[in-house]
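Architecture at a glance
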Amino acid sequence: MGFRQLILTALAIAFPAGIVFVVLAAMELLGWGTAILSATLSWLGITAMLRIYFGDLRRVARYATDLRDRFKGTPPQHISFGAASELSSLYTQIAAAFRDRIALLEAQTSTDAEILDHLPNPVVMVNRHRVVTGFNQAAKGLFHNLETGRDLTRFIRDPILLDAFDDVANSRETMKHAEFVLASDAHRHFDVLTARLPAATGDRNFVLSFSDLTELRKLEQMRADFATDAGHELRTPLSVLLGFIETLEGPAKDDPDALNQFLPVMRDQAQRMQHLIEDLLSLARIELNEHTPPSSDCDVGKVIAKVAESLSMKAGTKGMNIRVTSELENTEMVGEEKELTQVFVNLVENAIKYGHANTDVEVSIKLVKNPPGALARFRHDRIMAVAIRDHSDGIAREHLPRLTERFYRVDTARSRAVGGTGLGLAIVKHLVQRHRGTMQIESEQGVGSVFTVYLPAKTDDNVRKLHSA
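Values in this document were obtained by computation on a predicted structure and should not be read as measured data.

1. Description of the overall build of the chain
In terms of helices and strands, the chain carries 12 helices and 12 strands. Split into buried and exposed, the 469 residues of the chain put 36% on the buried side. Within the chain, residue pairs in contact and separated by at least 24 positions form 63% of the contacts whose partners lie at least 6 positions apart. Here the chain has roughly 27,600 Å² of accessible surface; of this, 55% comes from carbon and sulfur atoms.

As structure tokens, this is what we get:
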């Protein structure tokens, strides 16, 4: 309050008292000098009191302004009037309550954001106008240009997903699923759940949760391909057998030369089907137990020595030698000897089948200083690398990622000619994975190929970690 306003307010309050003094003077009950002096003193007293009172109010007002702007301030220390003191105390209590409420909301918001960011599925929150109001880190990784305050259609243009959102936004559905294929990567499939959030969430009215279906779709495609490929693999030998049987039952019924000619072929085709069925059953058993780590002890060096000895005659028919070298004295690990034998028989047999005559199959065992990234999650302390090198025509780079797929062959005719079922490397991959290892394939055309199996070497710590993996 300004000085002039203070004077006028004091005059207004002192006016009734001044009238009383004038009346008393007019009635000669009080002298005029005394009356004027009394009125003046009354006015000055009221002015002094108002100045103190309004000073208190100004200090309280400044305190309230500080609280409004920064939610912080120092309460006025010297207040003469109780009403102003009570008002200042009330402001202090209100500010403290607001600060506590804000701290609680910030803590809740921080916790909610932290929980949201730790969710593995991408989550996007949207208001009823399709404006993005929040998202987690997984969603940011999926849509790199995702921003709050922008329209959802800037990031997602799939009409099926947008229709599902509209159905929920218009209360036709409380929640709805829709399948979404990422525009930047046609191989990534998601199931998107659109749901309405409680009204207490403010402007975040709806949530879109993305569940990755990519592996499921791949698995479905693999199953379909597997059924097709298995049917195709079995159809050929069956057709040959049926054709020869019909011939032997008909025109060549009494022809011993035809019988001698057809029977070896029929036997080969029957054996081919038998091997295929055995590999299929073996692969099914391996996949069933793949997530159960082995518990037995075995010595990889001894397993490889036995494999080399058992296949030495087969290698000798092509003028080949199997040379085994090891940099380790202790090659023990937690593993199933029968399964590891199957792994190395398969790999060494392949090296013999596809290697050039009069060359060596080289098998080496050593410790690895820089293991493949695929093994990082197991945290093995010591890792052995068993490398099987052949000297063959090599494999083109584009085929390497698919070599462990079921029935995948680089050269179908040649693979069948050497007796391959197309399942050997798939079996090897799953057996190695069961042992918490991995396999890498390197090849150079005209030089040869190297199949390296990485396995955890046995230590007390490794045994514990392997069983808990």
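2. Notes on helix α7 (residues 256-289)
Given a rise of 1.5 Å per residue, 34 residues ought to cover 50 Å, and the 49 Å separating the end C-alpha atoms of α7 matches this to within 8%. Along α7, the helix axis deviates most sharply at Phe262, where the bend reaches about 25 degrees; the proline Pro264 sits within four residues downstream. Buried residues of α7: Ala258, Phe262, Met266, Gln269, Met273, Leu276, Leu280, Ser282, Leu283 and Ile286, and no others.

3. Things to note about the side chain of His430
With respect to the secondary-structure elements, His430 resides in helix α11 (residues 424-434). When its relative accessible area of 10% is taken as the criterion, His430 is described as buried. Not counting chain neighbours up to four residues away, the residues in contact with His430 comprise Leu283, Ile286, Glu287, Glu290 and Arg406.

4. A short note on the sheet that holds strand β9 (residues 360-367)
Spatially, the 5 strands line up as an open sheet ordered β7-β9-β10-β12-β11, and their pairing is mixed. Strands at the two margins of the open sheet, each flanked by one partner only, are β7 (321-326) and β11 (438-444). Adjacent strand axes in the sheet meet at a mean angle of 15 degrees, parallel and antiparallel pairs treated alike. Across 6 bridges, β7 lies against β9 in parallel orientation.

5. With respect to the sheet that holds strand β3 (residues 175-181)
Strand pairs in the sheet, formed through backbone hydrogen bonds, run parallel or antiparallel to each other. Pairing in this open sheet of 5 strands is antiparallel, and the strands run β2-β1-β5-β4-β3 from one edge to the other. The sheet terminates laterally at β2 (132-135) and β3, the two strands that pair on one side only. For this sheet, the mean angle separating the axes of adjacent strands, direction not counted, is 25 degrees. Of the strand pairs in this sheet, β3 and strand β4 (residues 189-196) are connected by 7 bridges, and their pairing is antiparallel.

6. Details of the environment of Gly355
Assignment of secondary structure puts Gly355 in the loop between α9 (337-354) and β9. A C-alpha to C-alpha distance of 5.1 Å links Gly355 and His391, two positions 36 residues apart in sequence. Residues contacting Gly355, with those up to four places away along its chain left out, are Lys318, Met320, Asn350, His391 and Ser392.

7. Focus: the environment of Leu44
Relative to the helices and strands, Leu44 resides in helix α2 (residues 32-70). Expressed as a C-alpha distance, the spacing of Leu44 and Leu11, which sit 33 residues apart in the sequence, is 9.1 Å.

8. Thoughts on the pairing of strand β1 (residues 123-126)
Both faces of β1 are covered, namely the face carrying Val123 and Met125 and the face carrying Val124 and Val126. Pairing geometry for β1 and strand β5 (residues 206-212), over 4 bridges, is antiparallel. Note that in β5 the partner of Val124 across the bridge is Leu208. Sheet analysis places β1 next to β2, joined by 3 bridges and oriented antiparallel. Within β2, the position partnered with Val124 by the bridge is Phe135. Connecting β1 to the next strand, β2, in antiparallel fashion are 5 residues, including Arg130 with a positive phi near 65 degrees.

9. Things to note about the packing of helix α8 (residues 300-316) against α9
Closest axis-to-axis distance for the α8/α9 pair is 9 Å, and the angle between their directions is 40 degrees. Considered as vectors, α8 and α9 are oriented oblique to each other. As for the relative orientation of α8 and α9, their crossing is right-handed in sense. Along the contact surface, α8 presents Val300, Val303, Ile304, Lys306, Val307, Leu311, Lys314 and Ala315, while α9 presents Glu337, Leu340, Thr341, Phe344, Val345, Val348, Glu349, Ile352 and Lys353. Grouping the amino acids of the contact of α8 with α9 by side-chain chemistry returns 11 nonpolar, 1 polar and 5 charged.

10. Regarding unusual backbone geometry
A negative phi holds for most residues other than glycine; trans holds for most peptide bonds. Backbone geometry at Arg130 places phi at a positive 65 degrees, although glycine is not the residue there. By secondary structure assignment, the location of Arg130 is in the loop between β1 and β2. You will see that Asn358, though not glycine, has its phi angle at about 65 degrees, which is positive. For Asn358, the location among the structural elements is in the loop between α9 and β9.

11. Here's the deal with the packing of aromatic side chains
Under the criterion given, the structure shown has 7 aromatic pairs. Look at Phe180 and Phe210: their rings are 6.0 Å apart centre to centre, the planes differ by 75 degrees, and that puts the pair in the edge-to-face class. Of this pair, Phe180 sits in strand β3 while Phe210 is found in strand β5, placing the two residues 30 residues apart along the sequence. Assessed through its relative accessible area of 4%, Phe180 is described here as buried. Take Phe210: its relative accessible area is 0%, and that puts it in the buried class.

What counts, and where the lines are drawn
Residues numbered from 1 in each chain as written. Predicted model: local features only at pLDDT ≥ 70, side-chain atom pairs only at ≥ 80, totals over all residues. Heavy atoms only, no water. Helix = DSSP H or I, 4+ residues; strand = E, 2+ residues; numbered from the N terminus. Buried < 20%, exposed > 50% of the residue type's maximum accessible area, 1.4 Å probe, protein only. Contact = heavy atoms within 4.5 Å. Areas by Shrake-Rupley, 256 points an atom, 1.4 Å probe, with all protein chains shown as cover. Expected span 1.5 Å × (residues − 1). Bend = angle between axes of the 7 residues up to and from the residue. Pairing = 2+ DSSP bridges. Axes fitted to C-alpha atoms, helices over the stretch in contact; angles between N-to-C directions. Parallel < 35°, antiparallel > 145°, perpendicular 65-115°, else oblique. Left-handed = near helix turned anticlockwise from the far one by under 90°. Nonpolar A, V, L, I, M, F, W, Y, C, P; charged D, E, K, R; others polar. Phe/Tyr/Trp six-rings, centres within 6.5 Å; stacked < 30°, edge-to-face > 60°.

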